[in-house]
Every structure is written in C-alpha cells, then in structure tokens.
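Tertiary structure, described
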Amino acid sequence: MTTTLGMFLIILGCAIVTWLPRVIPFMLVRSVQLPDVVLRWLTYIPVCILSALVIQSLLNTEGNFVTFEWLNLIAFIPSVLVAIWTKSLSQTVIAGVLTMAVLRYFF
Amino acid sequence: MVTQTEVKQTVTTDSFSQGIRDCIPTLLGYISIGLAFGVIGITSNLSILEIFLLSVFVYAGSAQFIFCGLYVAGAPVSIIIITTFIVNLRHFLMSLTVAPHLTRYSSLRNIGFGSLLTDETFGVAVTKLMKENHLGGRWMDGLNLTAYLSWIAACTLGGILGKWIPNAESWGLDFALVAMFVALLVLNLADVGKSKLMHYLKLIGCVAISMYILSYFVPGHLAVLISTVIVATIGVLTEK
C-alpha cells in the first residue's frame, strides 16, 4: 500500500501528457473560430476513430504477417448483430463478453 | 405546443441525473476493464496505492495497461511517458470534435469537460450529438463524473481482488471494451440517413484497409490515429 517518489513522478508525467491533448482543444476552440471545412472534417472523426479502435482489436500484429485475432473476430460477429438488433450498449457488452468467455473455455 | 415540448426536452436532457442515466450502459464496460486493470496491476508488481493513483491521474484504460507492460519490462521512464502520450493522442481528435459544442461554458468548466474525456464518454456524447445536435454542460458533468468515479472504484477494487483472481482474461472481460466500441459505432450509424450510411460504410472499408497496411509499419495506437486522420479527410473529399 505504498509508493516511491520516483514512481509518483512517473505517474505524474504520464498524467500531464494524457491531460494536455484532452484539454488543449477545449481551450483552442474558445479563441479560434474553426473554418467550416474543419468542422465538416470533425463530423467524420467519431465513425473513423471508433471503427479504427474495433479493427485494431481484430488484427494480430505479432507474426511476420498481419493476421486476424481469431477469437476476437468470432466474438465480434454476435456483438455486431446484437448491437444492430437491440441498439443497446449494455446488451452488446454482455453478448460480447459471454461469447468470449465461452470461446476461452473451449480454446 | 411544439415549442413547449421542445423546450421541455432540452431541459430534461441537459440534467446531471440524465447524464448519470446515459452513463449506466457503459458502466459494465468500465467496471470489467477496471477490475481487469487492477488485477493486472497487482501481477505487474504495482501496489494498490499506485493502481489508485494511475486511475485518478491518468484515467485512460489502454494507457494504464501499457504502463503496466512497460513497467514490468523495465522500460526507461522516457519511453513510458512518450508511449503514454502517443497512445492517448487520439483524445486530441475526440476533444476537438466535442469542444465546439460547449464553448458557451466558462474556461474552467471546459477544462473539466476535457480532463474527463475518455473513449467511452466521447462515444456516448457524439451519439447524443448525432441524435439531438446539442450537448449540455450539466449532462456532460453527470456522464463524466459517473464514469470517472466508477473507473477509480473498479480499478482499486480490482487491485484488492487481484490476489484472489489470477486471470481475468479467461472470463472474457477484456472483450467488454471491444464490444462497447462496436455498440457505439452501430449507434452512431443508426441515426444517419440511407445515402449517408453508404458513404460511412465505404469509409469504414477505407479504415480497415488503412489499419491493415499501417499495422505493418507502426504500433496499433499510431495506426488508429493516422487512419482516422486519413479517412476523415477522404470523407470530406468524397462527400456530396
């Protein structure tokens, strides 16, 4: 239940480099009026970044060739179907986790 | 009559309690990932206090996991901090997307909104934006604080439980994060029109190709960042 000064400083360093990119845009848009083209560009960010995060978890980059993370890919299918069907965040998470737990039990 | 219901709707949706309610579906994700982080923190030789401090000050799932990995591997401090910076740089784009809708609030409150932005709260906020084209500060605070406190509690509890649960992965809990991103993606696409949906699906195809190619050359977090910037630009160039 302790820490060292060194460890505390590393955590603090990580905190600062995490905090700045989160906060700077909020300060930036107060003083600068973003051009219309940038605002239009920003409307594409949610779908692009969320799909990139999903695809990242489906790729296995450990070997010489980039292949699929097969268990994640299999669990991905029921997750998408439940998400489309129910439009519910919690039901999708439950479906995904249950599928993964079953897969891990067998493989 | 119409105006009255509209006003009423704005009032009810910009409330702290509505923010808490809209956060609840994501809590399962936060709690399972937080518990998993606590367990992994313990196995990486972090103390419960250090797990607590990381979740309070860094408050970023992927970065905290990578922190453990690098710390256990004995990486130098500079590498740990630079990697954390790169892993979390995507939040810059997320903040930039959300911030223009909250400029009417004070600087201090905007610092608050920014400090507590995560992948999940971003996902919930842009889903709300897509539906209502409006974000309220009290709603943001309700959403953010619920997520933040749940995360800290889950990470710390995971650290305490860490001595008894040796392997959180076998429970499938690590997949909660992916499933959450899938749901947020589908929810975002559910509210766009038919013609726009085709455009978005093509862009997701571009993201997939870009991610695959970039994965040969850069770490995954950087591939996410670069793919997003490239494909959002393609999105603007190809829109009708």
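Residues numbered from 1 in each chain as written. Chains lettered and ligands numbered in written order. Predicted model: local features only at pLDDT ≥ 70, side-chain atom pairs only at ≥ 80, totals over all residues. Heavy atoms only, no water.

Note the following rule: UniProt positions are given in the numbering used here, feature names are shortened, and annotations may be inferred rather than shown by experiment.
Naming follows an unreviewed UniProt entry, where chain B appears as 4-azaleucine resistance transporter AzlC of Ureibacillus acetophenoni. Per UniProt, chain B has the following entry under Sequence similarities (unreviewed entry): "Belongs to the AzlC family." Chain B has a UniProt comment under Subcellular location (unreviewed entry) that states "Cell membrane".

An unreviewed UniProt entry lists chain A under the name Branched-subunit amino acid transport protein, with Ureibacillus acetophenoni as the source organism.

**Things to note about the interface of chain B and chain A**
Short version of the rule: Contacts are assigned to residue pairs with any non-hydrogen atoms lying within 4.5 Å of each other. Summed over both partners, buried area is the accessible surface (1.4 Å probe) that two parts give up on being assembled. For this analysis, a salt bridge means a side-chain nitrogen from Lys or Arg found within 4 Å of a carboxyl oxygen belonging to Asp or Glu. Nitrogen and oxygen atoms within 3.5 Å of one another constitute a polar contact, given that in protein one can donate a hydrogen and the other can accept it, and given that sequence-neighbouring residues count only through two side-chain atoms.
At the junction of the two partners, chain B supplies 92 residues and chain A supplies 69 residues. When the two sides are added together, the surface that chain B and chain A hide from each other amounts to roughly 7200 Å², 79% of it contributed by carbon and sulfur. In this structure, the connection of chain B to chain A is made through one salt bridge. A salt bridge links Glu239 of chain B to Arg40 of chain A; its shortest N-O distance comes to 2.3 Å. On inspection of chain B and its partner chain A, the count reaches 18 residue pairs in polar contact (both at pLDDT 80 or more).

**Things to note about the packing of aromatic side chains**
Our working rule: Note on aromatic contacts: the rings of Phe and Tyr and the six-membered ring of Trp form a pair at centre separations within 6.5 Å, being stacked when their planes are under 30 degrees apart, edge-to-face when over 60 apart, and tilted otherwise. Strands here are runs of E lasting at least two residues and helices are runs of H or I lasting at least four, both read from the DSSP assignment and numbered beginning at the N terminus. Three labels apply to residues, based on accessible area from a 1.4 Å probe with only protein chains included: buried if under 20% of the type maximum, exposed if over 50%, partly exposed otherwise in between.
Taken as a whole and judged by the stated rule, the model has 11 aromatic pairs over all chains. Where Tyr30 of chain B meets Trp151 of chain B, the ring centres are 6.3 Å apart and the plane angle is 70°; that geometry is what we call edge-to-face. You can see Tyr30 of chain B sitting in helix α2 (residues 16-43) and its partner Trp151 of chain B sitting in helix α9 (residues 137-161), a full 121 residues away along the chain. A relative accessible area of 3% places Trp151 of chain B in the buried class. By the ring-pair criterion, three or more aromatic residues cluster together here, those being Phe26 of chain A together with Tyr105 and Phe113 of chain B.

**Re the pattern of salt bridges**
Scanning all chains against the criterion turns up five salt bridges over all chains. For Lys128 of chain B, the salt bridge is made with Glu132 of chain B, and the minimal N-O distance between the two is 3.5 Å. Here Lys128 of chain B and its partner Glu132 of chain B are both found in helix α8 (residues 119-132), four residues apart, which amounts to about one turn of the helix. Classification of Lys128 of chain B by relative accessible area gives buried; the value is 8%. Overlapping salt bridges, with partners in common, bring together Asp36 and Arg40 of chain A together with Glu239 of chain B in one network.

**Points about unusual backbone geometry**
A negative phi holds for most residues other than glycine; trans holds for most peptide bonds. Within the chain, Lys87 of chain A stands out as a residue other than glycine whose phi angle is a positive 55°. On the secondary structure map, Lys87 of chain A appears in the loop between α4 (70-86) and α5 (89-106).

**Here's the deal with the domain arrangement of chain A**
Applied cut-off: For every domain, the bounds stem from an assignment made automatically or drawn from a database.
According to the domain assignment, chain A consists of domain 1 (1-32) and domain 2 (35-106). Taken over C-alpha atoms, the centre of domain 1 of chain A sits 28 Å from the centre of domain 2 of chain A.

**Let's talk about the packing of α2 of chain B against α8 of chain B**
Residue and element names in this part refer to chain B. Defined as follows: Comment: axis = line fitted to C-alpha atoms, over the contacting stretch for helices; angle = value between 0 and 180 degrees taken between N-to-C directions. Any angle that is under 35 degrees is reported as roughly parallel, and any over 145 degrees as roughly antiparallel; angles of 65 to 115 degrees are reported as roughly perpendicular and all others as oblique. Crossings are classed by handedness, with left-handed meaning an anticlockwise turn of the near helix from the far one by less than a right angle and right-handed meaning a clockwise turn. Charged residues are taken to be Asp, Glu, Lys and Arg, nonpolar residues to be Ala, Val, Leu, Ile, Met, Phe, Trp, Tyr, Cys and Pro, and polar residues to be all remaining types, Gly included.
At a closest axis distance of 10 Å, the pairing of α2 and α8 adopts a crossing angle of 150°. As the angle between them shows, α2 and α8 are arranged roughly antiparallel. For α2 against α8, the interelement crossing comes out right-handed. Contacts between α2 and α8 pair Asp22, Thr26 and Tyr30 from the former with Glu120, Thr121, Val124 and Lys128 from the latter. Tallied by class, the residues present in the contact of α2 with α8 amount to two nonpolar, two polar and three charged.

**Notes on the domain arrangement of chain B**
Residues and elements named next belong to chain B. Assigned domains of chain B: these are domain 1 (14-191) and domain 2 (192-240). Taken together, the contact pairs 12 residues of domain 1 with 11 residues of domain 2. Of all residues in domain 1, Ile86, Leu93 and Leu189 bury the most surface against domain 2, accounting for 52% of the area lost on that side. Counting the contacts that link domain 1 with domain 2 gives one residue pair in polar contact (both at pLDDT 80 or more). If you list the elements that add at least two residues to the side of domain 1 that touches domain 2, you get α5 (77-88), α6 (90-98) and α10 (176-190). In terms of residue class, the side of domain 1 that touches domain 2 is built from nine nonpolar, one polar and two charged.

**Observations regarding helix α3 (residues 48-57) of chain B**
Of the residues making up α3 of chain B, those classed as buried are Ile48, Glu50, Ile51, Leu53, Leu54 and Ser55 of chain B. On its buried side, α3 of chain B packs onto α1 (5-31) of chain A together with α2, α4 (61-72) and α9 of chain B. Phi turns positive, to about 45°, at Tyr59 of chain B, one or two residues after α3 of chain B.

**A look at the environment of Lys163 of chain B**
Structurally, Lys163 of chain B is set in the loop between α9 and α10. When the C-alpha positions of Lys163 of chain B and Val39 of chain B are compared, they lie 7.6 Å apart, and in sequence the two are 124 residues distant.

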